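Residues per chain are reported as follows:
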Amino acid sequence: MTYILKPQLHHPNLPTNARGFTRRDYEGSVSTLCAGCGHDSISSAIIQAAFELNLPPHRIAKLSGIGCSSKTPDYFMGASHGFNTVHGRMPSVLTGANLANKDLIYLGVSGDGDSASIGLGQFAHAVRRGVNMLYIVENNGVYGLTKGQFSATSDKGSKSKKGVVNHDAGIDLVGLALQLGATYVGRSFSGDKAQLVPLIKAGLAHKGAAFIDVISPCVQFNNHVGSTKSFDYVREHNEAVNRLDLIPAHASIKVDYAPGETVMVTQHDGSVLSLHKLAELYDPSDRAAALGFLQSRQAQGEIVTGLLYVDPEAGDLHDALDTVATPLNALDGAALVPGAKALDAINASLR
Amino acid sequence: MQRTSAWTPDYFHKVVDCQFACPAHTPVPEYIRLIADGRYSDAYMVNWKSNVFPGILGRTCDRPCEPACRRGRVEEEPVAICRLKRVAADNKDDITARLPAPADKSNGKRVAMIGAGPASLTVARDLAPLGYEITLFDGDAKAGGMIRSQIPRFRLPESVIDEEVGYITGLGMTLRLGERIDSLKALLAEGYDAIFIGSGAPRGRDLDLPGREEARANIHIGIDWLSSVSFGHIEKIGRRVIVLGGGNTAMDCCRTSRRLGGEDVKVIVRSGFEEMKASAWEKEDAIHEDIPILNFRVPTAFTHEAGKLTGVWFEVVRAEIDAKGRRKLVPSGEPDEHYDCDDVLVAVGQENAFPWMERGIGMEFDEWDMPKVDTITMQSTIPNVFFGGDAAFGPKNIIWAVAHGHDAAVSIDKFCQGQDVTERPPPDFSLVSQKMGIHEWSYDNDIANDRRYRVPQREKAVVLKDVKMEVELGFDPATGYKEAERCLNCDVQTVFADNLCIECDACEDICPVDCITFTVETDETDLRTRLKAPALNLDQDLYVSGALGTGRVMVKDEDVCLHCGLCAERCPTGAWDMQRFTLEMTHAGAACQSR
């Protein structure tokens, strides 16, 4: 563990964003995770994404459960709101927070234990309700805090550090999210920020339930030969279907690739996803095809990454419930208690 | 781009900007850590070994280290390296027992030194303990050279000079003070095995302008006048004084004048204020003592009445860049200006003078009529005659004189032992891991956010009354500690082992100053633009690894690295390590012959 604070001094040429912040302003405390942990790279990618999106730190809510991954919100965006929930209960707390104040940007950070074991039901329901959030699972396929047992996302047949072979089937959270109706689904790798940062940016900009499964090697307990979540294994079997660029609303659109290779997808907020195709036939707007593609590649031992599915026209839980435009926590007494006359009118309409 | 080699001292020496910039290559971070630790005597001895005059230099050095200091690039101001040296000198214990012992017996070789200034004293210190019989000649009554004669006492008390010159003369040598050498030929005939010429640049330049002769009684050459003040021959100056010139001598002249009765003292200089040769802090001290500095004024004539100086005429000029990009002073067209004064001090430069050096004795001279001296061996064209200090290549400063002295001592030692003076052993170096525990280091890697501390000064009204009253009080130990903590420990190097790296990016993520990038290797020019923070400072090297597992390389821009060790702390495999770099300069003696 690092005992010193990260020095405040920064590079003199560090750029600032439109809000006048440097990337360093989106940092949090120094990580207490093991040196080399993939989760730290994901925190760094979140910091970079928030910086590039010019997000106002005080309008972001970070929620997490329990586990190594769930500790990480302390290590980024120290000036934002945070809620560290009971194990596996982050999705319902996030849903409640979102219902109360839909104006904040919700970032749920969880792990394979928190979301695929104890919190699997919670995960499923937050996704199927279309809560407007970006839900990131930092997936290392191992229980690191308890010294290296298989987790629910460990692949069947993979080996633990001690040499034990996993006999249980692994849960594929990406497949699950697709089935449950997530409207933005991606997978990435902590060791590939060039891919991960745009995915996070677009996920934060997406309206609806956005989910990213980030494979994040556990250097301490799951980075050995026989693991399917090690740096070497993921690098060898990573099959990226596309490269994503997020073009903010009102920015001029420039395409670097030859026509036909790039698909432009405009989201609700006006931002444009520029998707450079890598896999010839992959179509990220077809949920069913995406599921099939994933399963066939998985059977071949490949790890499919990139933006796997997006519905740019998606709505969210508030649309479904038809809530008022004002966040519920901002409604004043007059709006909430319209008085006897209004009550009479309602009663009369029900007679 | 070539992979960086960690197996020669060159790369890592350059990373220690202060040490690299110091002509004597004093291990600055090393002694600053000792000061922070309260080990003042140890810090003093590290300095003494390298730069011979820590107490003197801690007050007067030109500090080439400070503009080079990395701290000055990550925040506003460098570490106050020079004044920290003084903290060591002020607070040390009696260190006499730690000085080398005088040689038991002579090695049979006799060396004469002309001039007892910093260059000769350095040579004497390096050679005396080896058994050389040394004879120091100086025209003045005390040893010290320009340190004693030209630096005013209010910047450098005599007790400090006596102490540090005494450490050297106490090593056993013959002092022939008050004895001016007036013939090199005669000295050569005395059969010394080697002669070292460290006679300085003793001639102050004059200004041959109309009125110079008529008003001579009130026009003084700066360095001669300072020397007369130092030796107590002059105690007064007129009420209105003009100092001509923009170097450090001019600053000493004007400040001395303020203490000898000068109430209206001005410095008037040809160049612009920014281009003046004087160090920024010396200009600042002069201005603090109510001395205006008027720039872009070229003196044209002295005015006088009945044999008495009445003032100086100046042409007002401005700077212009000509077609070849050179800076030129051209008339501004404004009317000439006349300034009244009672005395003028001319401090427009100084030069070497060797009237005592005969021609036709084997000494070759260059196109400027100066003796030809080898820049590395310090040897002249008479094989047993060596030069150093201002006498070698014109006026520089004390720390250069010391550096020359060390080099000349190596040459004299080799020459007297019948060896080739051009075969000079490279400095020795070592790299030692500073890891003490999983995340503990032998140095304080927590970066202090403090801004540079100012050295406290005595009250102006008090110091202006006494030419010998030291102005600066020096840092007290508590402030010295805080200033020492600003040092970034640049000698504790980030050393990278390619074969251990698993490319987890932890170092790249944690680095507070965006020094580290993993990327595809190309040529340096292209690489510099593609790093996490573009490497725009071309004076600073890139540290490049060999190819890693994914085919990429690790590139580290040394420019603003804080040496905080976080890359090594966050590295899961120990591919990064913090290793202390020590450089052992080659000095005269066994080491220079065996290595």
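Here the residue index of a chain counts from 1 through its sequence in written order. Numbering of ligands from 1 and lettering of chains from A proceed in the order in which they are written. Residue-level local features of this predicted model are given only where pLDDT is at least 70; pairs of side-chain atoms are given and counted only at 80 or more, and the full residue set underlies all totals for whole chains, interfaces and linings.

## Here we look at the overall build of chain B
Numbered from the N terminus, helices here are DSSP runs of H or I no shorter than four residues, and strands are runs of E no shorter than two. Helix and strand counts for chain B stand at 23 helices and 24 strands. In summary, chain B has a C-alpha radius of gyration of 26 Å against a globular reference of 25 Å for 595 residues, a match within 12%. Overall, chain B is about 85 × 65 × 50 Å in size when its C-alpha atoms are taken along their principal axes. Exposure classes come from backbone-placed C-beta atoms, where a residue is buried if 20 or more other C-beta atoms lie within 10 Å of its own, exposed if 12 or fewer do, and partly exposed in between. Split into buried and exposed, the 595 residues of chain B put 48% on the buried side. Atoms counted for the radius of gyration: C-alpha only. Globule rule: 2.2 Å times residue count to the power 0.38.

## So, the overall build of chain A
Along its length, chain A carries 12 helices and 13 strands. Since a compact globule built from 351 residues should have a radius of gyration of about 20 Å, the 21 Å found for chain A is in line with a globular shape. Seen along its three principal axes, the alpha-carbon backbone of chain A occupies a region of about 75 × 50 × 45 Å. Across the 351 residues of chain A, 48% fall into the buried class. When contacts within chain A are restricted to residue pairs at least 6 apart in sequence, those whose partners lie at least 24 apart make up 72%. Remark: residues whose backbone-derived C-beta atoms lie within 7 Å of one another are considered to be in contact.

## Thoughts on unusual backbone geometry
Residue and element names in this part refer to chain B. In this model, valine 52 sits at a positive phi of 70°, which is unusual for a non-glycine residue. Take valine 52: there are 26 C-beta atoms within 10 Å of it, and that puts it in the buried class. Its identity as a non-glycine residue notwithstanding, aspartate 369 has a phi of 70°, on the positive side. Secondary-structure assignment places aspartate 369 in the loop between β15 (350-351) and β16 (385-387).

## Quick word on helix α7 (residues 193-205) of chain A
Under the convention used throughout, the expected extent of a helix is 1.5 Å for every residue step, that is, one less than its residue count. Its 13 residues give α7(A) an end-to-end C-alpha distance of 18 Å, which sits within 8% of 18 Å, the value for a rise of 1.5 Å per residue. Buried within α7(A) are the following residues: Lys193(A), Gln195(A), Leu196(A), Val197(A), Pro198(A), Leu199(A), Ile200(A), Lys201(A), Ala202(A), Gly203(A), Leu204(A) and Ala205(A).

## Looking at the domain arrangement of chain B
All names here are of chain B. The domain boundaries here were taken from an automatic or database domain assignment. Here chain B is partitioned into domain 1 (100-202 + 352-416) and domain 2 (205-350). When each unit is reduced to the centre of its C-alpha atoms, the spacing between domain 1 and domain 2 is 32 Å. The interface is formed by nine residues belonging to domain 1 together with nine residues belonging to domain 2. Note that Gly is not counted as nonpolar here; it falls among the polar residues with everything else outside the nonpolar set of Ala, Val, Leu, Ile, Met, Phe, Trp, Tyr, Cys and Pro and the charged set of Asp, Glu, Lys and Arg. Residues belonging to the side of domain 1 that touches domain 2 are distributed by class as follows: five nonpolar, two polar and two charged.

## Section: the interface of chain A and chain B
Taken together, the contact between chain A and chain B spans 24 residues of the former and 29 residues of the latter. Where the side of chain A that touches chain B is concerned, the elements lending two or more residues are α1 (38-52) and α8 (231-237) of chain A. Here the element with the most residues in the side of chain A that touches chain B is α1(A); it accounts for four residues. Of the residues contributing to the side of chain A that touches chain B, the split by class is 11 nonpolar, 10 polar and three charged.

## Quick look at the packing of helix α9 (residues 118-127) of chain B against helix α17 (residues 398-416) of chain B
Residues and elements named next belong to chain B. The interhelical angle for the contact between α9 and α17, taken along N-to-C directions, is 40°, at an axis separation of 7 Å. The pairing of α9 with α17 is recorded here as oblique in orientation. You can see that α9 and α17 cross each other, and the crossing is right-handed. On the side of α9, the interface is formed by Pro118, Ala119, Thr122, Val123, Asp126 and Leu127, while α17 contributes Ile398, Ala401, Val402, His404, Gly405, His406, Ala408, Ala409, Ile412 and Asp413. Looking at the contact of α9 with α17 residue by residue, the class counts come to 10 nonpolar, four polar and two charged. Only the contacting stretch of a helix is used when fitting its axis, a line to C-alpha atoms as for every element, and angles between N-to-C directions run 0 to 180 degrees. Under this scheme an angle from 65 to 115 degrees is roughly perpendicular, one under 35 degrees roughly parallel, and one over 145 degrees roughly antiparallel; angles in between are oblique. Handedness of each helix crossing follows the sense of rotation of the near helix against the far helix: counterclockwise by less than a right angle gives left-handed, clockwise gives right-handed.

## Looking at the sheet that holds strand β6 (residues 219-221) of chain B
All names here are of chain B. Judged by pairing direction, the sheet is parallel, and its five strands sit side by side in the order β6-β14-β7-β8-β9 without closing on themselves. Each of the sheet's edge strands pairs with one partner strand only, and the pair in question is β6 and β9 (293-294). Relative to strand β14 (residues 343-346), β6 runs parallel, the two being bridged by three bridges. Its bridge partner being in β14, isoleucine 219 is matched across the sheet by valine 344. The strands that helix α14 (residues 248-259) touches are β7 (240-244), β8 (264-268) and β14; relative to β8, the one it contacts most, it runs at about 170°. Pairing between strands requires that DSSP locate at least two bridges from one strand to the other.

## With respect to the sheet that holds strand β22 (residues 542-544) of chain B
Residue and element names in this part refer to chain B. Read from one edge of the open sheet, three strands run β21-β23-β22, paired in antiparallel fashion. A strand with exactly one partner marks an edge of an open sheet, and here the two such strands are β21 (516-519) and β22. Each neighbouring strand pair of the sheet contributes to a mean axis angle of 25°, computed without reference to strand direction. For β21 and strand β23 (residues 553-557), the ladder comprises four bridges, and the chain directions are antiparallel. Residue phenylalanine 518 lies in a different strand from β23, and its bridge partner there is methionine 554.

## Notes on the nonpolar core
Residues Phe211(A), Ile35(B), Met113(B), Ala124(B), Leu127(B), Phe196(B) and Ile412(B) are the most contacted members of the largest nonpolar core, which totals 205 residues. Ranked by the residues each element gives to this core, the list is headed by α17(B), at 12 residues. Once residues within four sequence positions are removed from consideration, Ala124(B) is found in contact with Met113(B), Ile134(B), Leu136(B), Ile168(B) and Met173(B). Core analysis: the second largest hydrophobic core is formed by 38 residues, Ala215(B), Val229(B), Ile237(B) and Leu244(B) among them. What makes a nonpolar core is a set of buried Ala, Val, Leu, Ile, Met, Phe, Trp, Tyr and Cys residues, with links drawn between C-beta atoms within 7 Å.

## So, helix α11 (residues 158-169) of chain B
Residue and element names in this part refer to chain B. The terminal C-alpha atoms of α11 lie 16 Å apart, and with 12 residues this matches the ideal 16 Å at 1.5 Å per residue to within 8%. Considered for burial, the residues of α11 that qualify are Val160, Ile161, Glu164, Val165, Ile168 and Thr169. The buried residues of α11 occupy an angular sector of 155° when the element is viewed end-on, so they sit on one face. Away from its buried face, by an angle of more than 90 degrees, α11 presents the exposed residues Ser159 and Gly166. In this structure, the buried side of α11 is in contact with α5 (54-60), α9, α10 (146-149) and β3 (174-177). An arc is given here, and it is the one of the directions from the helix axis to the C-beta atoms.

## A short note on the packing of helix α3 (residues 28-36) of chain B against helix α4 (residues 40-51) of chain B
Residues and elements named next belong to chain B. At a minimum axis distance of 7 Å, the contact between α3 and α4 shows a crossing angle of 165°. Comparing the axis directions of α3 and α4 gives the class roughly antiparallel. For α3 against α4, the interelement crossing comes out left-handed. For the pair α3 and α4, the contacting residues are Glu30, Tyr31, Leu34 and Ile35 in the first and Tyr40, Asp42, Ala43, Val46 and Asn47 in the second. Grouping the amino acids of the contact of α3 with α4 by side-chain chemistry returns six nonpolar, one polar and two charged.

## Quick notes on the environment of His81(A)
All names here are of chain A. Mapped onto the elements of the fold, histidine 81 is located in strand β2 (residues 81-84). Sequence separation of histidine 81 and alanine 50 is 31 residues, and the distance between their C-alpha atoms is 14 Å. Contacts of histidine 81, omitting those with residues within four sequence positions, involve Ile60, Ala61 and Lys62.

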